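Architecture at a glance
Each chain, written out:
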Amino acid sequence: MTTLQTSASVGAGIDRVDAPLKTTGTAPYPNDFSYPGLVHAALVGSTIAAGRIRAIDASAAQAAPGVLTVITYLTAPRLERGPVTLLGKSPPAPLQDDRILHHGQHVAVVVADSPERARYAASLVRVTYETAEPLLDVRDPRAETVENPWGLDTRRGDPDAGFEQADAVVEGEYTTPDNTNNPLGLMTTIASWHGDSVTIHDSTQWPHNVRTSIARIFGVPESGVRVLAPFVGGGFGAGLRVWPHTVLAVLAAREVRHPVKLVLTRPQMFTSVGHRPESVQHIRIGATSAGDLVAIEHHGLSSVAMEDDDYEPVSLCSAVSYACPNVVTRDRQARLNIPCPGSMRAPAEAQGNFALESAIDELAHTLGMDPLDLRLRNIADTHPVLGLPWSSNALRECYTEGAARFGWSRRPPGTGSLRDGRWLVGLGMASVSYPFFQVPCQARASLRRDGSAYVRSAATDIGTGTYTVMTQLAAELLGLDIAKVRFDLGDSDMPYAPMAGGSGLTGALSNAVHTACRTLVAEFLDVVRDDDASPLRGARPDDVTVAGGRLRLTGDPGAGESYADILARHGLEELSADGRSTPPDARRLGMAAAGAFGAKFVEVRIDPQLGLLRVTRVVSAIDGGRVLNEKTATSQIVGGTVGGISQALFEETVTDAVTGRIANATFGDYLMPVNADVPDVEVVFCGGSDRATDTGTKGVGEVGLVGLAAAIGNAVHHATGRRLRSLPFTIDQLMG
């Protein structure tokens, strides 16, 4: 295929191409858009967690100044439920009956000529309830249990026999609480109907999913739905699904025949756009005295809403992380009267890894082995389930390089053996094997007569750097200066792109861009195939090199011409080409497509008298495949590290055990780390290009978070001898 001249475009830590817009405040986020005649919507939430609406009186709200309408289940039209997506069933359609399934459930939407009037009128809606006792505890025996929700339970070998052979067995229960995503930007939807077509500005991580879902729910063709999300103020998974508030904004706009803007409040963010579900995990691990794993048993129980699904197989990580011959993993969900859970950065892996890597550390302590040596001894050099070699796996290098940078060899084995004045010092680590995820994607690339390129796809950039790395990649593939390339996204009218989630977008999109750009080069050669005036006449893609905005014969660099000259001579303004990517097939490749791997090393300091816990050093060694931009990739790992520290020490969504009301649904009450809680984070990338795809990339958006909670807990054990099994780690656990 076309040869690339060595380029500084990819791999270099260039600044974000969208930085000028963001730093000048001109990046258009969903709540920045407006339309003539724009009106505003406000939601009314249920004040009970279970029961029915006995009566609803909207008369005072309807009579309030500036109010256009109040929609309740009594006046809302029948709406279809959204389609089944890659993430499972869509959430139930709102305002379809009188049942209350969780506290904060939308029971009415008020539309007025200003946001203040809409909020005031919403406060006037009076609802009388018939209250039932809610199910709120994941361990409640009355809760309906969903067994093996996704068909992903695994069993290999004979775990019972493995445990009989074990010289050492550790067993424990680990719990993780609800966490709430809390992106800085409040989720916003603006909907504007034009006849039977609607334009939607939405805080989504997946524009095509919004288009498909809204079309199904409202019975209009997909071609009549356009979704725009050029910039999104974070998401961390909250923007992956089409939540009821988006449906209500679209419904309200159709009802009042005005464009409608709906912005969630911060408390509504806790009840309206998902959350990491609670989990209770039981794990048992057996090993020989030499440290060879012989059996792993991992059972997970997670919370889920009454009439919704959430993909959260917390135990699955134990099936693929280590070379162990006998493994059983099992997941269940308990249906509760809670808001719908959803993906939160590193869904399932964040919870499951905490249990697995804490138990591995406990096993090392029981065996009297160094925790790093135990992990090195049990590396899965082939995929444990498929039995195929990995497309890439630099986990061993992550261990050794991370340990060297951290100074792990100087760690004394005994607990409580390091002090600095009054502070107890502990060193801990954890391993990460993040799963591969990729789905089909499309992109289109165009080259114009002025020598510039325009590449686009309907993806989103939630702050991960997609604009930048795709600009870099297209510049390399087309042999252009970065300044000559524009990459666009966030418009459902562009070629199909999957969600920005699951650490899968970079791989899917980069391979689609790769194909589009290579096909575009071939299109230029096709134009000059019979052109006597072209030095490239009759050349094939394998015969040329691209660099400096020109196509050159590889064997004769002086023979070539620019894209602009070819277009001008043939009277063309531009040429375009489409590209598609499909996930690699393991059996066809003869290898297992690998996700990211990593090793996390952490130092903590603890004041034993006050129970204060501080994370003082972090080294994160990551196998992220081919790194397209080291600066943005490092930023992703640092950001994930902050999220991991937050999961370990701070975050817990507290639900009142009687009413089901979330008790800390504000930034004043929901704890998150600040700068003083986060040390400098050293990031090192290990390994190289992955063999499964043309671009060799892996996603690194989530691997940065996974493993931090376990590494911190393991460091606490090294410092104090206390084994903490419940997140977040709190003062009472350290002093009790």
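Residues numbered from 1 in each chain as written. Predicted model: local features only at pLDDT ≥ 70, side-chain atom pairs only at ≥ 80, totals over all residues. Heavy atoms only, no water.

What follows concerns the overall build of the protein chain. Each helix and strand in the protein chain was counted, giving 18 helices and 29 strands. Relative to its length of 736 residues, the protein chain is compact, with a C-alpha radius of gyration of 27 Å against a globular reference of 27 Å. Along the first, second and third principal axes, the C-alpha set of the protein chain runs to 85 × 75 × 50 Å. Counting across all 736 residues of the protein chain, residues that qualify as buried make up 61%. Of the contacts formed within the protein chain by residues at least 6 apart in sequence, a portion of 81% connects residues at least 24 apart. Accessible area of the protein chain: about 27100 Å², with a carbon and sulfur share of 49%. The distance from the centre of the 65 positive side-chain charges to the centre of the 82 negative ones in the protein chain is 2 Å. (Helix = DSSP H or I, 4+ residues; strand = E, 2+ residues; numbered from the N terminus. Rg over C-alpha atoms; globule rule 2.2 N^0.38 Å. Buried < 20%, exposed > 50% of the residue type's maximum accessible area, 1.4 Å probe, protein only. Contact = heavy atoms within 4.5 Å. Areas by Shrake-Rupley, 256 points an atom, 1.4 Å probe, with all protein chains shown as cover. Lys, Arg positive; Asp, Glu negative; His and termini not counted. Charge placed at Lys NZ, Arg CZ, Asp CG, Glu CD.)

Turning next to the environment of P134. With respect to the helices and strands, the residue P134 is situated in the loop between β7 (126-131) and β8 (145-147). If we ignore the near neighbours within four places in the chain, the residues touching P134 are A49, A50, R142, N337 and V658.

Now for the packing of aromatic side chains. Per the stated rule, a full pass over the model turns up 12 aromatic pairs. Relative to Y311, the ring of W150 lies with its centre 5.7 Å away and its plane at 65°, an arrangement referred to as edge-to-face. Highlighted residues: W150 in the loop between β8 and β9 (154-156) and Y311 in the loop between β16 (293-305) and α8 (317-320), separated in sequence by 161 residues. Residue Y311 is classed as partly exposed on the basis of its relative accessible area of 41%. (Phe/Tyr/Trp six-rings, centres within 6.5 Å; stacked < 30°, edge-to-face > 60°.)

The geometry of helix α12 (residues 466-478) relative to helix α13 (residues 505-527) is characterised by a closest axis approach of 9 Å and an angle of 30° between their N-to-C directions. With respect to α13, the element α12 is oriented roughly parallel. Between α12 and α13 lies a crossing of right-handed hand. Here T466, M470, L473, A474, L477 and L478 of α12 lie close against α13, whose contacting residues are L505, T506, L509, S510, V513, H514, C517, R518, L520 and V521. For the contact of α12 with α13, the class distribution of residues is 11 nonpolar, 4 polar and 1 charged. (Axes fitted to C-alpha atoms, helices over the stretch in contact; angles between N-to-C directions. Parallel < 35°, antiparallel > 145°, perpendicular 65-115°, else oblique. Left-handed = near helix turned anticlockwise from the far one by under 90°. Nonpolar A, V, L, I, M, F, W, Y, C, P; charged D, E, K, R; others polar.)

We now examine the sheet that holds strand β29 (residues 681-685). Spatially, 5 strands are ordered β18-β19-β27-β28-β29 in an open sheet, and the strand pairing comes out mixed. The sheet is open, and its two edges are formed by β18 (419-420) and β29, each paired on a single side. Inspection of the sheet shows strand β27 (residues 597-607) paired to strand β28 (residues 612-623) by 11 bridges, in the antiparallel sense. Each bridged residue has a counterpart across the sheet, and for F597 the counterpart in β28 is D623. (Pairing = 2+ DSSP bridges.)

This part covers the sheet that holds strand β6 (residues 106-112). Judged by pairing direction, the sheet is mixed, and its 7 strands sit side by side in the order β4-β6-β2-β14-β11-β12-β13 without closing on themselves. Two strands bound the open sheet, and with one partner strand each, they are β4 (67-72) and β13 (225-228). The sheet shows a mean angle of 20° between the axes of neighbouring strands, direction not considered. Across 6 bridges, the pairing between strand β11 (residues 188-194) and strand β12 (residues 197-202) is antiparallel. Opposite A191, over in β12, you have I200 as the bridge partner. Running at roughly 25° to strand β2 (residues 39-45), helix α3 (residues 115-123) makes contact with β2, β4 and β6 of the sheet. Where helix α6 (residues 244-256) meets the sheet, it contacts β2, β4, β6, β11, β12 and β14 (260-263), and its direction lies at approximately 35° from that of β11.

P728 follows L727 through a cis peptide bond whose omega is -10°. Look at A348: it is not a glycine, yet its phi comes out positive at around 70°. Checked against the element boundaries, A348 lands in the loop between β17 (327-336) and α9 (349-367).

In this structure, the hairpin formed by β27 and β28 is closed by a connection of 4 residues, where G611 is found at a positive phi of approximately 70°. Examined bridge by bridge, β28 and β29 share 5 bridges and lie parallel to one another. Across the sheet, residue A621 finds its bridge partner in β29, namely V684. With respect to chirality, the unit in which β28 leads through helix α16 (residues 630-649) into the neighbouring parallel β29 is right-handed. (Right-handed = clockwise from strand over helix to strand, strands pointing away.)

The next thing to look at is α12. Compared with the 18 Å implied by 1.5 Å per residue over 13 residues, the 18 Å span of α12 between its first and last C-alpha is a close match. Counting buried residues in α12 gives 13 out of 13 residues, a clear majority hidden from the surface. Directly after α12, the chain includes G479, whose backbone phi takes a positive value near 65°. (Expected span 1.5 Å × (residues − 1).)

A rise of 1.5 Å per residue sets the reference length of α6, with its 13 residues, at 18 Å; its end C-alpha atoms lie 18 Å apart and thus fit the reference within 8%. With 11 of its 13 residues buried, α6 lies for the most part within the structure. Two residues or fewer past α6, R257 is found with a positive phi of approximately 60°.

Taken as a whole, the protein chain shows an average pLDDT of 96; of its residues, 99% reach a score of 70 or greater. Taken together, the stretch residues 1-6 has pLDDT below 50 and engages in 23 contacts with residues farther than four places along the chain or on a different chain. (pLDDT = per-residue confidence, 0-100.)

This paragraph deals with the packing of helix α5 (residues 207-218) against α6. At a closest axis distance of 11 Å, the pairing of α5 and α6 adopts a crossing angle of 55°. As judged from the angle between their axes, α5 and α6 are oblique. Between α5 and α6 lies a crossing of right-handed hand. Residue-level contacts link I214, I217 and F218 of α5 to T246, V247, V250, L251 and R254 of α6.

Sheet topology note: the strand β20 (residues 441-448)/strand β26 (residues 574-581) ladder contains 8 bridges and is antiparallel. Looking at the pairing, C441 lines up with S581 of β26. Here β20 pairs with strand β21 (residues 453-456) via 4 bridges, running antiparallel. Directly across from L447, in β21, lies its bridge partner A453. Adjacent in sequence and paired antiparallel, β20 and β21 are bridged by 4 residues, among which G451 carries a positive phi angle near 85°.

With that settled, the discussion passes to the nonpolar core. Counting 82 residues, the largest nonpolar core has I285 and I712 as the members making the most contacts within it. Discounting residues that sit within four places of it in the chain, I285 has contacts with F163, A168, V169, V170, L293, A295, I296, L356, A359, I360 and L363. In terms of nonpolar packing, the next biggest core, distinct from the first, is built from 47 residues, A445, A516, V521 and V546 among them. (Core = buried A, V, L, I, M, F, W, Y, C linked by side-chain atoms within 4.5 Å.)

Bringing the pattern of salt bridges into the picture now. Charged atoms that come close allow side chains of opposite charge to pair. Scanning all chains against the criterion turns up 39 salt bridges. D607 serves as the salt-bridge partner of R422, at 2.5 Å between the closest nitrogen and oxygen. Here R422, found in the loop between β18 and β19 (423-433), pairs with D607, found in strand β27; they are 185 residues apart in sequence, far enough to count as distant. Across the pair E561 and R569 runs a salt bridge, and its minimum N-O distance is 2.8 Å. For E561, a relative accessible area of 6% translates into the label buried. The exposure class of R569 is partly exposed, given its relative accessible area of 35%. Salt bridges sharing partners connect three or more residues here, namely D420, E603, R605 and R617. (Salt bridge = Lys/Arg side-chain N within 4 Å of Asp/Glu carboxyl O.)

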